[in-house]
Amino acid sequence: MRLELTERLRCPVPHAPTPLIVVASETRDRDLVRGVAGCPVCRLEVPIREGHVRFDLAAAERDAPAAMPPVIPRDAPPDVERTIALLGLDTPEGAVLLTGIYASIAGPLAAATGVVAVVLSATPADAVAGASATAPVSAVTGALAALPFTDGTFRGAALDAALPMALVADAPRTVAVRGRLLAAVAVPPPAGLRELARDDREWVAAREAVPTVVGLTRRT
Ligand SMILES: [Zn+2]
C-alpha cells in the first residue's frame, strides 16, 4: 500500500473517528510492504502484509505466511475503459476504491490510468490480480463495520451489488468532493450524491460539496 494511503487509514470499529497509527517494518520505494496498524482507542491491531491491510487476521497471526490466491471472477468483469470513463480517472494521480466485481479489473485499471487501486474484499481469496510496481494495487480484507479510511481519501469508488449496506452508506464520506461513485443499479444511491447518469447496469454520481456550517452568534 502506498505510504500516503497508510496515513489515511481509520479505525473501522464503531467509536469516535480515529486514525490508525502505522508502524512500518518494511518499505519498498513509495510502498509499505510489512507493518502493523493500531488503534489508540480500542487497541485493534491490524497486520499489513505484502502491502495488504489484513483486517481478517488477528495480530497474533501477523508473522504467519501470507496466502493470497488469485482472483477467480464469479461474473463477467466490468469493462475497463468504461469504468475508467465513468469514474472520471483522466489524470494519473490519487487513489480509487474498488469493491466486489470491480476488484477483478484493479490491475488493468491502475496500469491504464496511473491511479492507485485499493481493493476491498471480504477474504484474501477475492484479492489482487495484475498488480505491479507500475500498476499499484493493494487489498483491504476482512468483514468491516465501516470503511477504514479517513474522509476524502479517494477520487472515486466503485460499489458492487454485494457490498453490505453499511459500507454503501459510508462510501460517499471517503470520496473527495466532486469525486465519482459508480455502482450497480441494484445499489440504492446513498445520501450526499448528485446522480450524473444511469443505464440498465450502473449509475454514476458525484459527491456533493459538504454544506458549510455557519457559526451563529447572538448579538447582545
Ligand atoms: Zn479503534
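In this text, all values refer to a predicted model and were calculated from it rather than measured experimentally.

Novice: Can you lay out the nonpolar core for me, pointing to particular residues and giving the numbers?
Specialist: Of all hydrophobic cores here, the largest spans 36 residues; its most connected members are Met1, Val53, Val118, Leu120, Val140, Leu159 and Leu181. Those elements that place two or more of their residues in this core are β2 (31–38), β3 (45–49), β5 (95–99), β6 (116–121), β8 (154–159), α4 (165–174), β9 (175–184) and β11 (202–207). Counting residues per element, this core draws most heavily on β9, at four residues. Taken together, domain 1 (3–59) and domain 2 (80–207) each give at least three residues to this core, which thus spans both. Beyond its immediate sequence surroundings of up to four residues, Leu181 is in contact with Ala157, Leu159, Ala171, Pro172, Val175, Leu193, Trp203, Val204 and Ala205.

Novice: Tell me about the pattern of salt bridges, residues and numbers included.
Specialist: Following the criterion strictly, the structure yields 11 salt bridges and no others. Across the salt bridge formed by Arg28 and Glu26, the nearest N and O atoms sit 3.5 Å from each other. Ionic pairing is found between Glu195 and Arg198, a salt bridge with its closest N-O pair at 2.9 Å. Residue classification places Arg198 among the partly exposed positions, given a relative accessible area of 44%. Taken together, the shared-partner salt bridges in this structure form one network comprising Arg10, Asp151, Asp170 and Arg173.

Novice: Just give me the short version of the coordination of the zinc ion, but keep the residues and values in it.
Specialist: Taken together, the protein ligands of the zinc ion are Cys11 (SG), His15 (NE2), Cys39 (SG) and Cys42 (SG), with distances of 2.0 to 2.3 Å. Angles of 105 to 111° at the metal separate the four donor atoms of the zinc ion, which places the site in the tetrahedral class. Mapped onto the sequence, the residues coordinating the zinc ion show the spacing C-x3-H-x23-C-x2-C. Of this pair, His15 sits in the loop between α1 (3–6) and β1 (21–28) while Cys42 sits in the loop between β2 and β3; the two residues are 27 residues apart in sequence, bridging distant segments of the chain. The exposure class assigned to Cys42 is partly exposed, which follows from its relative accessible area of 31%.

Rules used throughout
Residues numbered from 1 in each chain as written. Predicted model: local features only at pLDDT ≥ 70, side-chain atom pairs only at ≥ 80, totals over all residues. Heavy atoms only, no water. Core = buried A, V, L, I, M, F, W, Y, C linked by side-chain atoms within 4.5 Å. Buried < 20%, exposed > 50% of the residue type's maximum accessible area, 1.4 Å probe, protein only. Helix = DSSP H or I, 4+ residues; strand = E, 2+ residues; numbered from the N terminus. Domains from an automatic or database assignment. Contact = heavy atoms within 4.5 Å. Salt bridge = Lys/Arg side-chain N within 4 Å of Asp/Glu carboxyl O. Donors = N, O, S within 2.8 Å, 3.2 Å for Na, K, Ca; no water. Tetrahedral: all angles 85-135°; square planar, octahedral: opposite > 155°, others 65-115°.

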